[in-house]
Amino acid sequence: MAAGNGTQQRTISALVQDKPGVLARISGLFRRRGFNIASLAVGRSESPGLSRMTFVVEGPEEVVKHVAAQLDRLIDVVEVRDITESNIVWRELALIKVNAPAKTRGEVLELTNVYRANVIDIGVESLTMEISGGRQKIDSLIELLRKFGLLEVIRTGRVATLRGTLVEGEDDGLFQSDASSPTYILPVTSGESGSV
Amino acid sequence: MSKHLSGSQIVCEALLKEGVDVVFGIPGGAILPLYGVLSQYPDLRHILTRHEQGAAHSADGYSRSTGKVGVAFATSGPGATNLVTGLATAMMDSVPMVAITGQVGRAAIGTDAFQEADITGASMPLTKHNYLVMRADDLGATVHEAFHIARTGRPGPVLIDIPKDVFTEMGNYDPDAPLDLPGYQIPCKAEESQVEAAAKLINESEKPVILAGHGVVLSRAFDELRELAEKAQIPVVTTLLGISSFPEDHVLSTGFPGMHGMAYSSLAVDQADLIINFGSRFDDRIVGDAKRFSRSSKKIHVDIDPAEINKTIAVDAPVVGNIKDIFGQLLPKVKQKTHLEWLQHIEHLKAEHPSLRIPESDRLMGQHVVKALSDVTKGEAIITTGVGQHQMWAAQHYQFKNANSWLSSGGAGTMGYEVPSAIGAQVGNPDKLIWSICGDGGFQMTLMELATAVENNLPVKYAIMNNNHLGMITQWQDFFYEGDFQAETYTANPDFVKLAEAYGMKGIRVTKQDELESAIAEANAHDGPVIVDFVIEKVDDLYPMIPAGQSVEELIEEPN
Ligand SMILES: Cc1ncc(C[n+]2csc(CCOP(=O)(O)OP(=O)(O)O)c2C)c(N)n1
Ligand SMILES: [Mg+2]
């Protein structure tokens with residue numbers, strides 16, 4: 001998925017050995033090859049000893065399309081799929097703590113209902129809700145809550161899986177993409193090393 | 001059946017089970033427990049090098065020249081960090097190696113203890129895989145995994161870091177335990193559909209060129225390469241690291257292309273209608289400007305590493321798998337052909353662009369030295385080199401007849417590789433003639449290993465191409481910095497003949513063309529290590545040359 005300025009985002013799902021240092025190997029590879037991690041979600045998988053990682057990676061188009069092949073070279077990566085072009089369903093979870101004094105609490109709760117978010121903690125002046133869904137849904141709730149005073153937003157990053165049906169889901173758009181040209185991404189000019 | 005042993009004993013038993021008969025290394029506190037059991041394992045020959053970089057390059061040279069996994073030992077901290085250049089060199093050229101390093105005791109890890117260095121962290125991008133082993137029980141399986149990973153698939157170096165108290169801990173070792181590597185698949189045969197597609201392109205091509213890379217050497221597919229080339233009469237171009245995968249006195253041999261390759265070779269690649277790449281990664285020294293690389297050809301890329309496909313050059317037919325297996329699949333599908341017109345054209349290119357004319361001079365030129373070495377040794381020696389002008393002259397003017405007789409740091413371009421790699425090659429090939437073609441610069445980076453050669457009676461012949469310069473730097477400054485020469489001249493090189501004598505070696509000096517043959521013959525006849533100090537002319541430029549990032553259109557064949 002194009003993110004403008006010649007960069008592209010790809011969603012990668014990987015099954016990796018649950019061992020110390022695995023994340024360092026993967027993040028080191030991303031750094032070396034000039035990929036930026038837009039999001040990363042890790043947790044135990046259905047198989048004992050293996051973790052599932054879902055990444056959203058961005059970088060120059062010509063480079064990021066090789067990310068799965070590069071990851072597969074790592075010994076601790078058991079299985080890896082680039083699911084960007086597949087029929088996938090994805091979700092993200094966010095915890096949002098927002099100012100909610102008595103005066104505005106009703107309005108905030110109403111938004112919570114409309115967005116089918118759950119209130120999981122209530123304080124005197126604030127409340128915390130959880131919401132899961134696609135990026136646009138979460139983004140728009142955050143936007144609407146902004147005027148009440150956002151205290152904290154915590155997002156998990158995308159988790160994704162292939163759909164069990166043939167029905168195509170709706171594309172959720174770019175993932176937390178920064179429209180300005182990210183400077184941390186290596187430029188692609190010439191492949192020549194310039195070394196002697 | 002499981003045995004109860006100390007960590008050190010487990011390491012040695014596992015090494016022996018892997019067929020290791022020699023290791024190169026230097027002891028130190030953290031690895032002393034391993035050295036403490038070596039006397040129990042006389043079949044593990046230990047060669048004491050003078051620097052850990054030397055141990056790593058020797059293991060590399062041993063590995064490249066024998067096909068066996070080279071092994072290096074080093075202690076924690078500075079011992080381990082001294083290995084790093086050797087690991088990077090092996091990694092870039094996919095050389096199978098296992099390095100074993102001592103680490104501080106488990107309780108001290110992470111405390112900045114004396115001689116602690118995070119070598120697994122440091123070597124992560126420079127190894128195919130690495131391990132920090134925290135229990136003696138895991139040592140046996142780890143050593144076997146490490147060898148399996150190092151030698152299979154796309155080979156590479158693997159490092160095992162072992163805390164001092166894991167060497168002394170008692171643990172169980174089951175030599176027959178199966179490997180547990182769920183994430184590691186070894187490609188062998190390619191998918192039939194890929195092979196079909198490649199065969200179709202080959203059969204349809206009128207102007208095919210084979211580009212043989214290091215993959216052919218690593219998979220030892222020399223006979224198969226020759227069979228395919230002869231069956232379909234396809235000219236064979238090698239990459240720098242593919243040199244000696246195909247006999248250079250064969251009519252189909254068409255040199256090596258790229259930055260300092262033969263002009264006819266670069267032109268053949270440029271004019272072909274099909275490039276059949278066996279195990280080369282389309283490196284930037286060959287490709288130059290990727291957009292203008294061999295524009296009119298289709299490309300077949302045969303490689304064991306799927307991550308190499310389409311990395312720099314878009315290909316029409318990828319074939320992923322082990323090159324040797326793929327030759328087997330491909331051969332029956334490829335039709336016999338003559339390609340008469342194309343081969344005549346290649347002959348014409350060779351005649352029009354001989355490229356290797358040695359400049360007329362009464363003085364001694366680097367090219368004269370290599371040419372004489374090639375003639376006197378009949379192209380049958382194993383050659384190792386450093387990096388620089390002498391390396392390119394060696395590649396250009398030595399006519400390699402034997403398979404796998406060229407050892408050079410192509411990917412990393414590591415100066416200093418020349419001295420220890422030759423030691424490793426001689427250890428692995430005690431009866432063969434090894435000539436190390438050295439730069440005076442590179443030689444001085446690792447010359448302490450001369451003592452290792454003398455100590456172990458290794459009759460390596462060192463040819464120092466002594467131009468009193470970092471010749472290749474002179475050249476780049478001439479080309480790209482308007483001749484603003486900086487830091488490329490040596491004014492205090494040692495007397496290399498006296499140096500040889502100081503090390504107890506034979507030393508010979510050659511300053512004239514007519515002394516070449518007799519000096520080389522004298523060195524060959526001497527049954528110990530020799531240094532021949534070839535005092536050669538300094539030249540600013542080496543030809544042919546395609547400047548970095550350019551294409552064959554900018555090829556400079558000879559000075560004007
Ligand atoms: C370890 C290392 N340091 C620096 C370089 C950069 N470099 C490439 S060629 C070269 C000059 C080599 O000089 P020498 O060994 O005398 O060979 P010559 O070019 O003179 O034949 C240098 C410094 C390198 N390749 N490796
Ligand atoms: Mg020199």
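This is a predicted model, so every value here is computed, not measured.

Things to note about the overall build of chain A
- Looking only at helices and strands, chain A has five helices and nine strands in total.
- Reading chain A from its N end, one meets helices and strands in the order β-α-β-β-α-α-β-β-α-β-β-α-β-β.
- The burial tally for chain A puts 44% of its 196 residues in the buried class.
- In the form shown here, chain A has an accessible surface area of approximately 10,300 Å², with 52% of it arising from carbon and sulfur atoms.

Looking at the interface of chain B and chain A
- Counting residues at the interface gives 23 residues for chain B and 20 residues for chain A.
- Summed over both partners, the interface of chain B with chain A comes to about 1,900 Å²; 57% of that surface belongs to carbon and sulfur atoms.
- Counting across the chain B and chain A interface gives three residue pairs in polar contact (both at pLDDT 80 or more).
- Taken together, the elements giving at least two residues each to the side of chain B that touches chain A come down to β6 (129-132), α12 (284-287) and α20 (471-480) of chain B.
- No other element matches α20 of chain B, which puts three residues into the side of chain B that touches chain A.
- When its residues are assigned to classes, the side of chain B that touches chain A shows 12 nonpolar, five polar and six charged.

A look at the confidence of the model for chain B
- For chain B, the mean per-residue pLDDT works out to 96, and 100% of the residues sit at or above 70.
- Predicted complex metrics record ipTM = 0.84 and pTM = 0.92.

Focus: the site of ligand 1
- Around ligand 1, the surrounding shell holds 18 residues, and the nearest of these are Gln 389, Gly 413, Asp 440, Gly 441 and Gly 471 of chain B.
- One finds residues of chains A and B in close proximity to ligand 1.
- In the environment of ligand 1, an oxygen atom lies 2.8 Å from a nitrogen or oxygen atom belonging to the backbone of Gly 441 of chain B.
- The backbone of Gly 471 of chain B places a nitrogen or oxygen atom 2.7 Å from an oxygen atom of ligand 1.
- Calculation on ligand 1 without its partners gives an accessible area of 580 Å², and the protein chains cover 83% of this total.
- For the shell around ligand 1, the elements supplying multiple residues, two or more each, are α16 (389-397), α18 (440-446) and α20 of chain B.

Focus on the nonpolar core
All names here are of chain B.
- Core analysis: the biggest nonpolar cluster contains 61 residues, and Trp 435 and Phe 534 have the highest contact counts within it.
- Looking at this core element by element, the count peaks at five residues for helix α11 (residues 263-271).
- Mapping this core onto the domain boundaries places at least three of its residues in each of domain 2 (192-352) and domain 3 (366-535).
- Each residue touching Phe 534, except ones within four places of it in the same chain, is listed here: Val 369, Ala 463, Ile 464, Met 465, Asn 466, Val 510, Leu 516 and Ile 520.

Looking at the coordination of the magnesium ion (ligand 2)
- Bound to the magnesium ion (ligand 2) are the protein donor atoms Asp 440 of chain B (OD), Asn 467 of chain B (OD1) and His 469 of chain B (O), situated 2.0 to 2.1 Å from the metal.
- Counting along the primary sequence, the residues that act as donors to the magnesium ion (ligand 2) give the motif D-x26-N-x1-H.

Quick look at unusual backbone geometry
All names here are of chain B.
- With an omega of -5°, the peptide bond running from Tyr 543 to Pro 544 counts as cis.
- Tracing the backbone through its elements, the reader meets Pro 544 in the segment after β19 (530-535).
- Even without being a glycine, Ser 294 presents a positive backbone phi close to 40°.
- Residue placement: Ser 294 occurs in the loop between α12 and β12 (298-303).
- The residue Ala 487 is not glycine, and still its phi comes out positive at about 55°.
- Among the secondary structure elements, Ala 487 is positioned in the loop between α20 and α21 (496-502).

Considerations on the packing of helix α3 (residues 52-66) of chain B against helix α4 (residues 78-92) of chain B
Residues and elements named next belong to chain B.
- It is the contact of α3 with α4, at a shortest axis distance of 7 Å, that shows an interaxial angle of 30°. Between α3 and α4, the angle is such that the two are roughly parallel. Note on packing geometry: the crossing formed by α3 with α4 is right-handed. Judged by residue contacts, Glu 52, Gln 53, Ala 56, His 57, Asp 60 and Arg 64 of α3 engage Gly 79, Asn 82, Leu 83, Thr 85, Gly 86, Thr 89 and Ala 90 from α4.
- For the contact of α3 with α4, the per-class residue count stands at three nonpolar, seven polar and three charged.

Quick notes on the domain arrangement of chain B
Residue and element names in this part refer to chain B.
- Taken domain by domain, chain B comprises domain 1 (3-173), domain 2 (192-352) and domain 3 (366-535).
- A straight line from the C-alpha centre of domain 1 to that of domain 2 covers 37 Å.
- Each partner contributes to the interface: domain 1 provides 11 residues, whereas domain 2 provides eight residues.
- Looking at the side of domain 1 facing domain 2, the largest losses of area belong to Arg 64, Asp 93 and Arg 154, adding up to 60% of the total buried there.
- At the boundary of domain 1 and domain 2, one finds two salt bridges.
- Where Glu 308 meets Arg 154, a salt bridge forms, and the shortest distance between an N and an O atom there is 2.8 Å.

Some words on the sheet that holds β12 of chain B
All names here are of chain B.
- Pairing within the open sheet is parallel, and its five strands lie in the order β10-β9-β11-β12-β13. Across the chains shown, the open sheet's two edge strands, defined by having one partner strand only, are β10 (236-238) and β13 (317-320). Shown here is a sheet whose adjacent strand axes are inclined to one another by a mean of 15°, direction ignored.
- Where strand β9 (residues 208-212) lies against β10, three bridges are found, and the strand directions are parallel. Bridging across to β10, Leu 211 finds its partner in Val 237.
- In the packing of helix α10 (residues 222-232) onto the sheet, the strands contacted are β9, β10 and β11 (274-278), and the crossing angle to β9 comes to about 170°.

Criteria and thresholds
Residues numbered from 1 in each chain as written. Chains lettered and ligands numbered in written order. Predicted model: local features only at pLDDT ≥ 70, side-chain atom pairs only at ≥ 80, totals over all residues. Heavy atoms only, no water. Helix = DSSP H or I, 4+ residues; strand = E, 2+ residues; numbered from the N terminus. Buried < 20%, exposed > 50% of the residue type's maximum accessible area, 1.4 Å probe, protein only. Areas by Shrake-Rupley, 256 points an atom, 1.4 Å probe, with all protein chains shown as cover. Contact = heavy atoms within 4.5 Å. Buried area = accessible area lost by both parts, 1.4 Å probe. Polar contact = N/O pair within 3.5 Å; in protein donor to acceptor, adjacent residues only side chain to side chain. Nonpolar A, V, L, I, M, F, W, Y, C, P; charged D, E, K, R; others polar. pLDDT = per-residue confidence, 0-100. Near = heavy atom within 4 Å. Core = buried A, V, L, I, M, F, W, Y, C linked by side-chain atoms within 4.5 Å. Domains from an automatic or database assignment. Donors = N, O, S within 2.8 Å, 3.2 Å for Na, K, Ca; no water. Axes fitted to C-alpha atoms, helices over the stretch in contact; angles between N-to-C directions. Parallel < 35°, antiparallel > 145°, perpendicular 65-115°, else oblique. Left-handed = near helix turned anticlockwise from the far one by under 90°. Salt bridge = Lys/Arg side-chain N within 4 Å of Asp/Glu carboxyl O. Pairing = 2+ DSSP bridges.

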